[in-house]
Amino acid sequence: MYGADGRDAAGADPGGPGPDRPVLGGLRSRLRVHSLAGQVFLCLLVVVVLLVGAALTTLVLQARSYATSVAAGRTRAAAVALAQDPGVVSAMDSPDPTATLQPLADKVATAGGFDYVVFASPQGIRYTAEKPELIGKHVIGPFERALTGPTTDSFPTPLGRVVESGAPVVRPDGSVSGAVGVGITVAHVGSAVSRQLPVLFGGAAAALLVGLGGAALVRRRLRRQTHGLGAAEMTRMYEHHDAVLHAVREGVLIVGGDGRVLLVNDEARRLLELPPRVEGQPVAELGLDPRLAGLLASERTATDEVHRAGDRLLAVNNRPTAPFGGGAGSVATIRDTTELRALAGQAEAARARLQLLYDAGLRIGTTLDAARTAQELVDVTVPRFADHATVELADPVLRGEELVPGPGVEQGLRIHRTATSGSGDDWPFLPVGTEISPLPGTPQESALRAGHPVLTNDLRRERAWRARAPEAADRVLAHGVHALITAPLRARGLTLGTVHFWRAGESAPFDDEDLSFVEELVARTAISVDNARRYTREYRMAETLQRSLLPRGLPEQSALEVAYRYLPALRGVGGDWFDVIPLPGFRVALVVGDVVGHGLHAAATMGRLRTAVLNFSALDLPPDELIARLDELVTRLDQDGAAGAADDGRSAPVTGATCLYAIYDPVSGHCSMARAGHPPPALVRPDGGVEFADLPAGPPLGVGGLPFETAELRLEPGTELVLYTDGLVENRERDLGTGLAELRRSLADVRDHRSPEDTCRAVFDALLPPRRSDDIALLVARTRLLDPGQVADWDVPFDFAAVSRVRRECTDRLTAWGLEELTFTAELILSELITNAIRYGAEPIRVRLLKDSSLVCEVSDGSSTAPHLRYAATTDEGGRGLFLVAQLAERWGTRYTARGKVIWSEQPLTAPEYRFEALLA
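The rules behind each value
Position labels on residues start from 1 in each chain and follow its written sequence. This being a predicted model, a pLDDT of at least 70 is required before a residue's local features are given, and a value of 80 or more before pairs of side-chain atoms are given or counted; all residues contribute to the totals for chains, interfaces and linings. In computing side-chain properties, one takes all heavy atoms of the structure into account and sets aside hydrogens as well as water. Strands are runs of DSSP state E lasting at least 2 residues, helices are runs of H or I lasting at least 4, and numbering of each runs from the N terminus. Partly exposed residues are those whose accessible area sits between 20% and 50% of the maximum for their type, while under 20% is buried and over 50% is exposed, using a 1.4 Å probe and protein chains only. In what follows, a contact means two residues having at least one pair of non-hydrogen atoms within 4.5 Å. Methods summary: accessible areas were calculated by the Shrake-Rupley approach with a probe of 1.4 Å, and residue burial reflects only the protein chains presented. What counts as a ring pair is set by centres within 6.5 Å for rings of Phe, Tyr and Trp (its six-membered ring), and what kind of pair is set by the plane angle: stacked under 30 degrees, edge-to-face over 60, tilted for all other angles. Criterion for a charge above a ring: Arg CZ or Lys NZ at most 6 Å from the ring centre, at most 35 degrees from the ring normal. Here, strands pair whenever DSSP counts at least two bridges between them. To get an axis, fit a line to the C-alpha atoms, keeping to the stretch in contact for a helix; angles then go from 0 to 180 degrees between the N-to-C directions. As used in this record, nonpolar core signifies buried Ala, Val, Leu, Ile, Met, Phe, Trp, Tyr and Cys residues forming a set joined through side-chain atoms within 4.5 Å. Buriedness for pockets is judged along seven lines, at least five of which must meet protein on both sides within 12 Å for an open set on the 1 Å grid over protein atoms alone, while cavities are sets there where a 1.4 Å probe fits but cannot get out, and lining residues have an atom within 4 Å of a point. Grid points are joined across faces, edges and corners, and a volume is the space filled by probe spheres set on the points. Only Asp, Glu, Lys and Arg are considered charged in this grouping, and only Ala, Val, Leu, Ile, Met, Phe, Trp, Tyr, Cys and Pro are considered nonpolar; every other residue, Gly among them, is considered polar. Angle categories are assigned with fixed cut-offs, so that under 35 degrees is roughly parallel, over 145 is roughly antiparallel, 65 to 115 is roughly perpendicular, and the rest are oblique. Here a polar contact is recorded for every N or O atom pair within 3.5 Å, except that within protein the pair must consist of a potential hydrogen donor and a potential acceptor, and residues adjacent in sequence are included only if both atoms are side-chain atoms. Salt bridges are defined by distance alone: a side-chain nitrogen of Lys or Arg within 4 Å of a carboxyl oxygen of Asp or Glu. Each helix should span, by expectation, one fewer than its residue count multiplied by 1.5 Å. On a range of 0 to 100, pLDDT expresses the predictor's confidence in each residue.

### Some thoughts on the overall build of the chain
In step 1: Looking only at helices and strands, the chain features 26 helices and 30 strands.
In step 2: Expressed as a percentage of its 921 residues, the buried residues of the chain come to 43%.
In step 3: Residue pairs at least 24 apart in sequence account for 62% of intrachain contacts in the chain once pairs closer than 6 positions are excluded.
In step 4: Total accessible area computed for the chain in this model is approximately 46,600 Å², and 55% of it derives from carbon and sulfur atoms.

### Some remarks on the packing of aromatic side chains
In step 1: Summed over all chains, the structure comprises 7 aromatic pairs.
In step 2: Relative to F510, the ring of F385 has its centre 5.6 Å away and its plane inclined at 35 degrees; by these criteria the two rings are tilted. Of this pair, F385 sits in the loop between α12 (370-381) and β10 (388-394) while F510 sits in the loop between β15 (494-504) and α17 (512-549), placing them 125 residues apart in sequence. The two residues F385 and F510 agree in class, both being buried.
In step 3: The interplanar angle of 45 degrees and the centroid separation of 6.2 Å between the aromatic rings of W465 and W502 together place this pair among those described as tilted. Here the residue W465 occupies a position in helix α15 (residues 463-468), and W502 occupies one in strand β15, the gap between them amounting to 37 residues. Accessibility classification places W465 together with W502 in one group, the buried group.
In step 4: Taken together, the ring pairs in this structure connect F385, F501, F510 and F517 into an aromatic cluster.
In step 5: A cation over a ring is seen here: R503 above F385, with NZ or CZ 5.2 Å from the ring centre.

### Examining the sheet that holds strand β20 (residues 670-676)
In step 1: The 5 strands are arranged β17-β18-β19-β20-β23 in an open sheet whose pairing can be described as antiparallel. Two strands bound the open sheet, and with one partner strand each, they are β17 (575-583) and β23 (711-714). Within this sheet the neighbouring strands show an average axis-to-axis angle of 15 degrees, counted without direction.
In step 2: Where strand β19 (residues 657-664) lies against β20, 6 bridges are found, and the strand directions are antiparallel. By the bridge assignment for β20, I663 is matched with S672.
In step 3: Along the sheet face, helix α18 (residues 600-618) touches β17, β18 (587-595) and β19 and points at about 15 degrees away from the line of β17.

### Some remarks on the nonpolar core
As a rule of thumb, nonpolar side chains are buried together in soluble globular proteins.
In step 1: Formed by 52 residues in total, the largest nonpolar core has its most connected members in W577, L590, L609, L630 and Y661.
In step 2: Of the residues forming this core, the biggest block, 7 residues, is contributed by β19.
In step 3: When neighbours within four sequence positions are excluded, W577 is seen to be in contact with L550, V591, V592, G593, D594, V595, M606, L609, R610, V613, T658 and C659.
In step 4: Core analysis: the second largest hydrophobic core is formed by 39 residues, A374, V391, A419 and A483 among them.

### With respect to the layout of surface pockets
Any empty space left between atoms is shown by rolling a water-sized probe over those atoms.
In step 1: Here the largest pocket defines a volume of roughly 1,000 Å³.
In step 2: Together, 33 residues line the largest pocket, and R895, Y896, T897, A898 and V902 are the ones closest to its centre.
In step 3: At the level of elements, β20, β26 (791-796), β27 (845-851), β28 (854-861), β29 (891-897) and β30 (900-908) are the ones that each hand at least two residues to the lining of the largest pocket.

### Topic: the pairing of β10
In step 1: With 7 of 7 residues buried, β10 is to be regarded as a mostly interior element.
In step 2: Every second residue of β10 is oriented toward a common face, with H388, T390, E392 and A394 on one face and A389, V391 and L393 on the other, all of them buried.
In step 3: With 6 bridges connecting them, β10 and β15 associate as antiparallel partners. Bridge pairing in β15 links E392 to T498.
In step 4: The pairing of β10 with strand β11 (residues 415-420) spans 5 bridges and is classified as antiparallel. In the sheet register, V391 faces β11, and the bridge partner there is A419.

### Structural notes on empty space enclosed by the protein
In step 1: One pass over the structure, following the stated rule, counts 2 cavities of 30 Å³ or more.
In step 2: Of the pockets and cavities examined, the second largest cavity occupies roughly 30 Å³.
In step 3: If you trace the second largest cavity, you find it lined by G727, E730, N731, P769, R771, R772, S773 and D774.
In step 4: Classifying every residue of the lining of the second largest cavity gives 1 nonpolar, 3 polar and 4 charged.

### Digging into the packing of α17 against α18
In step 1: In the contact formed by α17 and α18, the axes pass within 9 Å of each other and the chain directions differ by 5 degrees. By the angle class used here, α17 and α18 are roughly parallel. Counting all contacts with α17, which are made through E538, M541, A542, L545, Q546 and L549, the residues of α18 involved are L600, A603, A604, M606, G607 and R610.
In step 2: Within the contact of α17 with α18, the residues separate by chemical class into 8 nonpolar, 2 polar and 2 charged.

### Some points on the side chain of T536
In step 1: Mapping T536 onto the fold places it in helix α17.
In step 2: Of the polar contacts made by the side chain of T536, one reaches the backbone oxygen of A532; its length is 2.7 Å.
In step 3: The residues touching T536, leaving out its near neighbours within four places in the chain, are L368, L398, R399 and G400.

### Regarding the pairing of strand β14 (residues 481-491)
In step 1: Of all 11 residues making up β14, 9 are buried, and the element is well covered by its neighbours.
In step 2: Both β14 and β15 contribute to a ladder of 10 bridges, which runs antiparallel. Across the sheet, A483 pairs through a bridge with R503, a residue of β15.

### Structural notes on the sheet that holds strand β2 (residues 151-157)
Sheet strands pair by backbone hydrogen bonding; their relative direction is either parallel or antiparallel.
In step 1: Strands sit in the order β1-β4-β3-β2 across an open sheet of 4 strands; the sheet is antiparallel. Here the strands that pair on one side only, and so sit at the sheet edges, are β1 (116-120) and β2. Within this sheet the neighbouring strands show an average axis-to-axis angle of 20 degrees, counted without direction.

### Some thoughts on unusual backbone geometry
In step 1: For the bond running from V382 to P383, omega is 5 degrees, close enough to zero to count as cis.
In step 2: Considering the arrangement of structural elements, one finds P383 in the loop between α12 and β10.
In step 3: Put simply, E843 and P844 share a cis peptide bond, and its omega is -5 degrees.
In step 4: Inspection of the secondary structure puts P844 in the loop between α24 (823-840) and β27.
In step 5: For F586, which is not glycine, the phi torsion reads 60 degrees and is therefore positive.
In step 6: The residue F586 is located in the loop between β17 and β18 in this model.

### Some remarks on the pattern of salt bridges
In step 1: Counted according to the given criterion, the structure contains 36 salt bridges.
In step 2: With its nearest N and O atoms 2.9 Å apart, the salt bridge here joins R269 to E279. One end of the pair, R269, is in helix α9 (residues 266-272); the other, E279, is in the loop between α9 and α10 (290-297), with 10 residues separating them in the sequence.
In step 3: What makes R269 buried here is its relative accessible area of 17%.
In step 4: Across the pair R846 and D795 runs a salt bridge whose closest N-O atoms are separated by 2.2 Å. Here R846, found in strand β27, pairs with D795, found in strand β26; they are 51 residues apart in sequence, far enough to count as distant.

### Concerning α18
In step 1: Spanning 19 residues, α18 covers 27 Å between terminal C-alpha atoms, matching the ideal 27 Å at 1.5 Å per step.
In step 2: Buried residues of α18: A602, A603, T605, M606, G607, L609, R610, A612, V613, F616 and S617, and no others.
In step 3: Of the residues flanking the end of α18, it is D620, one or two places downstream, whose phi is positive at about 55 degrees.

### So, α17
In step 1: Taking 1.5 Å per residue, 38 residues should reach 56 Å; α17 reaches 55 Å between its end C-alpha atoms and fits that length.
In step 2: Capping the start of α17 is the job of one residue whose side-chain oxygen sits 3.2 Å from the backbone nitrogen of E513: D511.

### Description of the side chain of T725
In step 1: By the element assignment, T725 lies in the loop between β24 (720-724) and α20 (726-729).
In step 2: Residue classification places T725 among the buried positions, given a relative accessible area of 0%.

### Looking at the confidence of the model for the chain
In step 1: On average, residues of the chain score 80 in pLDDT, and 82% of them are at 70 or above.
In step 2: This model gives residues 4-31 a pLDDT under 50, and the stretch forms 23 contacts once residues within four places in sequence are excluded.
In step 3: Counted against residues more than four places away or in other chains, residues 407-411, with its pLDDT under 50, gives 12 contacts.

Below, the structure written as structure tokens:
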């Protein structure tokens, strides 16, 4: 009622688990025993358990009653004592009863071992509580009886049974000022009694064990006699034992410790071929194999040991019987594994074939090379499937050419041995490269005509095969080869060649399963070979296209001594290119470029870019301007490709390319160059020093958005200018920085740069990767300077009167050069060009003559206005000057400079006499 947590009888759990009839039924079935030993044991067990249980129940009930009475006395005494305390009366009438009574309640509860002590007003309002939040709240349950006199109650709670006593607090005038309640859990009072319960339970357990021991002794004696079974059950057990023993498909043989047979079933009699009555006879006298008899007579453990009994292979398992009951001895089980081993051998062979097919899928066709694929087939099948193997492929397959559909015999198929499983002086087969003729009657001809593998298990009877090459056939037979499977290599309706698998010596002949395996294996290989053939065809087509787009040779020029190297990638042609382009005034342009990607698209793009560079060079543009126009072209190609790809539903190819363009002038020794994302050129000085030109990189072609810059260099005579593509210095095993360092080292190690050809050879020897994944282009140009005696120049005043003087001085210089026959045409050309410059141009005007492989006349002025060739009418007084220049000169043109333009003309050193006469006619 007064509990601080409000516990009362309502919180108790009066219920419990209900009866479980299936469980009890199962228990009854387990307790239902039929043996005499079991029944006696069960009766004794029940009597002992009942006696011990009754004694324990009586003791527990007495202990619980004693604990309850003690709890009632303690709580009642405490409640009455507190109610009669004068301090409690005064505290209840004070303004704050809780301040005085709560410490008192805690002290009394702690000292007396009570669960709670509660002081309450006459109206039932708590002054004290175990939990502060309950102070000031109404006590739970009826409390009015405690106001009239001492009371004691007992009720269950979730924590156990509680005894609670209450008493009124009376003032001196007899009026009630409140009530006090004291409660305690019975379990706390009964702890002393509970400490004696283990002794009681221990005694009961001892009594139970003594009773059980006596019952067990009786049960053991009876069980030893009856094995725990009744007569009916023992009869049924022996019947089942005999039926199972003789019905199983395994032989069972039980041998005693003295080596005599105790028991043998019908299957063991059949497998071991034993006489009808063998029980009691020694195993050694049964006529068995000594090893088998020794195992059966011993107690050695054996698992699936194989022993021979007549024409059978028996798997014997032997185990000792001692650990499992009975005396010394052993029991053996015997199985006939003759047929099982035959099936296991077939399964193992099938598994080996499947594993070989799996390995072949991993190892055949790793490269797009037909000959290598054929060798991979040979390597994977020897010696796992055959002792020897050979592959012959048709010539068009090795060349990557198209084949005529059909078996190939009527078309006179020419096949050559491409791969073998061995070589050497004692090798009996025809070597690689030998032409194999599929003559009628030979296994090759039969396989090609049938279109599937052909089996030959006796080669000595193959007359056509022996007649084709008698000496080679005799060598093969002398080597012990006796069986052959010939299979045609066919893919996509095309006959690619033949495959031969040979077995020799003690190897078993081929069978039908081997034929099926060969057909599957060769079909897979044929696909790889045909893929290699088609790839070779596409590769050679792309390579042919690429080489047709590259320079066939170097043009004649005297400004540079040039050598080059070009190597395509081993797999897939790329878009690397180079060019040497003669320019007016004996200048030379050097170009090296690289198109991103491989294949026909890259090669075609390279050809378009090379043609564009040639056309832009004809305009005599500066390097940066030429690169800028090339960048616009690539951007336009990308846009056109993207539009076409969108129309066709394909992904747009990215053209991306790099380029380096350099112009060298042999008159001044100046070299101007610009690049678009290309590696910088290397310069080898005449003294052997190597450096890379400090040239702004610029973005790759097609990126756009950034300008290109031109670098101006002055090169000494004999300086080597080394241009290259990134395939030379960068690959999967080497980054660009390492490649450039190795290039510098290889150029520095060339002690004697006798020629650019020597430099190319040295660089390739040092840097060429073993397996090229990209094209490589290398261009080495050694600079030259024209002799000062080959150059003549004059400043021309801005006056028509100066034309005659300059013309005479030019005539004198031509005479000094021994070119008198060119003076007339040269005077006409110079007169027209100088007159045009004075009339239409601006100062300063300058004339320059250059003599080398031809004669070049140059007139420069400060105007950027270009002259135009036109046809003058018969009534026009002018307009014929450039027409005469175009007719008299072999070439002529205009190029722009930073301060104006240059009009130039070029004449051969030996001019035909009829040239001018034909012009006048």
